Amino acid sequence: MTGADLVLEALEQEGVDLIFGYPGGANLPIYQRLPEHPKLKHILVRHEQGAAHMADGYARACGRPGVVFATSGPGALNLVTGLCTAYMDSVPMIAITGQVNSTQVGRDAFQESDVIGATSSVTKHSYLVTDIAQLPRVIHEAFHIATTGRPGPVLIDICKDVQMAEAERTPRTALSIPGYQLNGHVRLQDAKVAAEALAHAERPVILAGHGVLLSHAEQALLDLAEKAGVPVGTTLLGIGGFPVKHPLSLHMTGFMGTGWCLKAVQNADVLMMVGMRVDDRVTARLADFAPKVTTFIHVDIDGSEMGKNVRPHIELVADARNALEAMLPHVDSVDDRRGAWLTQIDAWREEHPLRYTHSNGHLQPQDVLIDMYKRCRNEAVVVADVGQNQIWAALWWNYDRPGLFINSGGAGTMGFALPAAIGAKFARPDLDVWCVAGEGGFVMTAQELSVAVEHQLDIKIVLLNNFSLGMVRQFQDDFYGGVRSQVELTHIPDFVKLADAYGLPGVRVERLADVGPAMDAAQRTKGPFLIDFRIDPEANVYPIVPLGKGLNDFWEAPQQ
Amino acid sequence: MSDRIRVLSVLVEDGSSTLTKVAGMIRRRGFHVRAITVGPSGEPGRSRMTLQIDAGHAEVDQVKKQLERLVEVVEIEDLTEHDVHSRELVVARVKASAVPELVAKGARVLEPGSVSTTVEFAGEGEEVGAFVEELRRHGNLDVVRSGPVVMRRTA
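Residues numbered from 1 in each chain as written. Chains lettered and ligands numbered in written order. Predicted model: local features only at pLDDT ≥ 70, side-chain atom pairs only at ≥ 80, totals over all residues. Heavy atoms only, no water.

Quick word on the domain arrangement of chain B
All names here are of chain B.
Part 1 of the reasoning: Split into domains, chain B comes out as domain 1 (5-78) and domain 2 (84-152).
Part 2 of the reasoning: Placing the centre of domain 1 and that of domain 2 at their C-alpha centroids yields a distance of 28 Å.
Part 3 of the reasoning: Every contact between the two is made by 7 residues of domain 1 and, on the other side, 5 residues of domain 2.
Part 4 of the reasoning: Across the domain 1/domain 2 interface, buried area totals approximately 500 Å², and carbon plus sulfur atoms make up 56% of it.
Part 5 of the reasoning: If you sort the residues of domain 1 by the area they bury against domain 2, Thr-37, Thr-50 and Glu-77 come out on top, with a joint share of 63%.
Part 6 of the reasoning: Taken together, the links from domain 1 to domain 2 amount to 1 salt bridge.
Part 7 of the reasoning: Note that Glu-77 and Arg-152 form a salt bridge whose closest N and O atoms lie 2.9 Å from each other.
Part 8 of the reasoning: The tally of links from domain 1 across to domain 2 stands at 3 residue pairs in polar contact (both at pLDDT 80 or more). (Domains from an automatic or database assignment. Contact = heavy atoms within 4.5 Å. Buried area = accessible area lost by both parts, 1.4 Å probe. Salt bridge = Lys/Arg side-chain N within 4 Å of Asp/Glu carboxyl O. Polar contact = N/O pair within 3.5 Å; in protein donor to acceptor, adjacent residues only side chain to side chain.)

As structure tokens, this is what we get:
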């Protein structure tokens, strides 16, 4: 068999059903053999970045790793942003790139680039395959590493001559990766101490991140929160980890989180952070973060997160679900001042509700999202882009289950939404998929509309079009002296015509009264559908913590 | 030694990418390399790196934790607060006239000559530092100095 066959066969053995890719000089041997492996369905993308985001959306929607093919040089380098997006958000992905012949490496051959060098900061692990003897072992290792522990993207760079080399099929052997020992790092001995600290606290708060979703810890989290009477906020990526409508829900935390969540965090005495990195978007000004906390509890599967940003008093290094389940039996009695704390939080919820301006004659983004929510409830996947649209989509939907909200949190990659929505739809054909994007991010990867049309994917594209880079414009208005610099997108395509050119229906909506009919049309239509919502160009995201300030200093939407 | 500096003995898998991955991790986390020594380990297919790393603006325990995340890293021993043997090597070309004094301080002659003589000296970091000062006083002609290799003292 050839190296290409060994690769493809290993992918089949790993249960891969879908590959997002783009052929080129250095991976042609793999593409030559691909038709011989009909179990592997290949989606031809229009740009490699699109492939990476599709694989990412696929993985986030169904939990299985997304697989990407790209050729050497520019093909592989076009993946970098997509790899970084997946890496920052701990999404399992396998990227298989072609590399020039092993004897050509280092000679600046045509389309040669140092892919390992360029991607090692945005991958969990990577391999350069220069010898067919490494196959298929590295493929299986890559899947193991990508999907276990803290998930992440793994890249395999395979020299073209290795793809063409011949070798006998060898029996599959057990993996041995001495530098990747997961169990050795688990530390759960303080589960009891953590449980008691939480239950006996006067003003406890739990913050839940992406790790809760990745480890399917939602039920354990709910059980623990209810048993110990602890309110729960989520990070942007933790949305869906705890039902927003639950009486103990604080909704979203962080620098664009809800006022009542931020008040709770800033007044908590015990703060447990589960499956999250505690990054600057969660803490805002670190020195002012959760100043009344006497005991920080941090739960994360990656021990390097302990003390990276906030030094915990109690550390549980484990899968979030294992950790929460280990804590649960140790919650016996709950502090009797808990009622007063929850009453206080309810008062803050009344005092600082989410609100928006909707009386200035313009269509407001929240109107669009609320209409969308009424139609979908919690039965659709929402894939958001980055910017104001992302935060509106996070705050104005009441997600009650995991896996319904997909967005690029850590990397904040504009252009993510459309290809990720395509990947999500491939992963979950049974669910409606809505892509929410601003016009700025949308045009960065709009060429992937071809893929949506080619496969007649039922994706509803909601463009929140404000003719500007809205989040940047808001920052400039509020934090950079009101100087609007390079944020107006005065020359954008007519998106209805653009949709028509790609072969999908589209409509424009400028008035609130037309939102419903347009949504009806989108839902009636099989296949992709685009709605260009012309929203209030001055609409802002609130609450927001001014840059450089602490969470206490959040600004709210102006009163009507 | 500054409390920002960690001394780590790192067992790594041999491979074309190992050194760049270790170096890349150090660079992108904002750490700085003070000294690095690499050589074969007792195990086939693996090398031993001895690193002295300044944690920079990061928390000092991040140095070991971040390096542990690399799949190429098999094992790390943090020797910072341990009693260790830490040995460095100096090879120097010196004027023949300086040789007797240097030999008296523990140097060994590698290559005698009528104009210049090549000597070596091994010792703990501070001893080696003192020896290099001595060389400078004698107006050495050329000097190369290794990073440290470090091993825990037996109890």
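A short note on the environment of Trp-397 of chain A
Residue and element names in this part refer to chain A.
Part 1 of the reasoning: Mapped onto the elements, Trp-397 comes out in the loop between helix H17 (388-395) and strand S14 (405-406).
Part 2 of the reasoning: Note: C-alpha distance between Trp-397 and Glu-350 (47 residues apart in sequence) is 18 Å.
Part 3 of the reasoning: Excluding anything up to four places from it in sequence, Trp-397 contacts His-251, Leu-369, Met-372, Tyr-373, Cys-376, Arg-377 and Val-382. (Helix = DSSP H or I, 4+ residues; strand = E, 2+ residues; numbered from the N terminus.)

Describing the interface of chain B and chain A
In many analyses, interface size is given as the accessible surface area lost on bringing the parts together.
Part 1 of the reasoning: Facing the 19 residues of chain B at the interface are 21 residues of chain A.
Part 2 of the reasoning: Summed over both sides, the interface of chain B with chain A buries roughly 1500 Å², with 45% coming from carbon and sulfur.
Part 3 of the reasoning: The largest contributions to the chain B side of the interface with chain A come from Lys-21, Arg-69 and Val-71 of chain B, which together make up 36% of the buried area.
Part 4 of the reasoning: Where chain B packs against chain A, one counts 3 salt bridges.
Part 5 of the reasoning: Linking Arg-311 of chain A and Asp-61 of chain B is a salt bridge whose minimum nitrogen-to-oxygen distance equals 2.7 Å.
Part 6 of the reasoning: At the junction of chain B and chain A, the tally comes to 6 residue pairs in polar contact (both at pLDDT 80 or more).
Part 7 of the reasoning: Elements with a contribution of two residues or more to the side of chain B that touches chain A: helix H1 (18-28), helix H2 (62-68) and strand S4 (73-78) of chain B.
Part 8 of the reasoning: The element that contributes the greatest number of residues to the side of chain B that touches chain A is H2 of chain B, accounting for 4 residues.
Part 9 of the reasoning: Of the residues contributing to the side of chain B that touches chain A, the split by class is 4 nonpolar, 4 polar and 11 charged. (Nonpolar A, V, L, I, M, F, W, Y, C, P; charged D, E, K, R; others polar.)

Considerations on a nonpolar patch on the surface
Residue and element names in this part refer to chain B.
Part 1 of the reasoning: Residues Leu-19, Val-33, Ile-36 and Val-38 make up a contiguous nonpolar surface patch of roughly 330 Å² in combined accessible area.
Part 2 of the reasoning: Looking at the nonpolar patch element by element, the count peaks at 3 residues for strand S2 (residues 32-40).
Part 3 of the reasoning: On the basis of relative accessibility, which here comes to 42%, the residue Val-33 falls in the partly exposed class. (Patch = residues over 30% accessible without salt bridge, like charges linked within 9 Å, V, L, I, M, F, W, Y side chains within 5 Å. Areas by Shrake-Rupley, 256 points an atom, 1.4 Å probe, with all protein chains shown as cover. Buried < 20%, exposed > 50% of the residue type's maximum accessible area, 1.4 Å probe, protein only.)

Observations concerning the pattern of salt bridges
Part 1 of the reasoning: Throughout the structure, instances matching the rule amount to 53 salt bridges over all chains.
Part 2 of the reasoning: Here Glu-196 of chain A and Lys-192 of chain A are joined by a salt bridge, their closest N and O atoms 3.1 Å apart. Here the residue Glu-196 of chain A and the residue Lys-192 of chain A both occupy positions in helix H9 (residues 191-199), the gap between them amounting to 4 residues, near one helical turn.
Part 3 of the reasoning: Through salt bridges with shared partners, a single ionic network connects Arg-150, Asp-302, Glu-305 and Lys-308 of chain A together with Arg-69 of chain B.

Digging into the domain arrangement of chain A
Residues and elements named next belong to chain A.
Part 1 of the reasoning: For chain A, the domain assignment lists domain 1 (3-168), domain 2 (185-351) and domain 3 (365-548).
Part 2 of the reasoning: One C-alpha centre belongs to domain 1, the other to domain 3, and the line joining them spans 29 Å.
Part 3 of the reasoning: Contact residues are listed per partner, giving 23 residues for domain 1 and 25 residues for domain 3.
Part 4 of the reasoning: Both faces combined, the contact of domain 1 with domain 3 buries some 1800 Å², and carbon together with sulfur accounts for 68% of it.
Part 5 of the reasoning: Its largest share of buried area at the contact with domain 3, domain 1 owes to Arg-46, Met-54 and Ala-61, together 30% of the area lost on that side.

Things to note about the side chain of Gln-390 of chain A
Part 1 of the reasoning: On the secondary structure map, Gln-390 of chain A appears in helix H17.
Part 2 of the reasoning: Among residues more than four places away in sequence, those in contact with Gln-390 of chain A are Leu-236, Ala-384, Asp-385, Phe-405, Asn-407, Ser-408 and Gly-409 of chain A.

Side note on the packing of aromatic side chains
Part 1 of the reasoning: Within the structure shown, the criterion is met by 14 aromatic pairs over all chains.
Part 2 of the reasoning: Ring centres of Phe-442 of chain A and Phe-495 of chain A lie 5.9 Å apart, and the angle between their planes is 70 degrees; on these two criteria the pair is classed as edge-to-face. Taken as a pair, Phe-442 of chain A in helix H19 (residues 439-442) and Phe-495 of chain A in helix H22 (residues 495-502) lie far apart in primary sequence, 53 residues in all.
Part 3 of the reasoning: Ring centres of Phe-121 of chain B and Phe-131 of chain B lie 4.2 Å apart, and the angle between their planes is 5 degrees; this geometry places the pair in the stacked category. In this pair, Phe-121 of chain B sits in strand S7 (residues 116-123) while Phe-131 of chain B sits in helix H4 (residues 125-137), placing the two residues 10 residues apart along the sequence. Each member of the pair Phe-121 of chain B and Phe-131 of chain B is classed as buried.
Part 4 of the reasoning: What links up through ring pairs into an aromatic cluster is the set Phe-255, Phe-475, Phe-479 and Trp-555 of chain A. (Phe/Tyr/Trp six-rings, centres within 6.5 Å; stacked < 30°, edge-to-face > 60°.)

Notes on the environment of His-42 of chain A
Part 1 of the reasoning: Note on placement: His-42 of chain A falls in strand S2 (residues 41-44).
Part 2 of the reasoning: The spacing of His-42 of chain A and Val-67 of chain A is 25 residues in sequence and 9.8 Å in space, taken between C-alpha atoms.

Details of the packing of helix H16 (residues 365-376) of chain A against helix H23 (residues 515-524) of chain A
All names here are of chain A.
Part 1 of the reasoning: It is the contact of H16 with H23, at a shortest axis distance of 10 Å, that shows an interaxial angle of 45 degrees. When the interaxial angle is binned, H16 and H23 end up oblique. You can see that H16 and H23 cross each other, and the crossing is right-handed. Only Val-515, Gly-516, Met-519, Asp-520 and Gln-523 of H23 make contact with H16, whose side of the interface consists of Val-368, Asp-371, Met-372 and Arg-375.
Part 2 of the reasoning: Looking at side-chain class alone, the contact of H16 with H23 contains 4 nonpolar, 2 polar and 3 charged residues. (Axes fitted to C-alpha atoms, helices over the stretch in contact; angles between N-to-C directions. Parallel < 35°, antiparallel > 145°, perpendicular 65-115°, else oblique. Left-handed = near helix turned anticlockwise from the far one by under 90°.)

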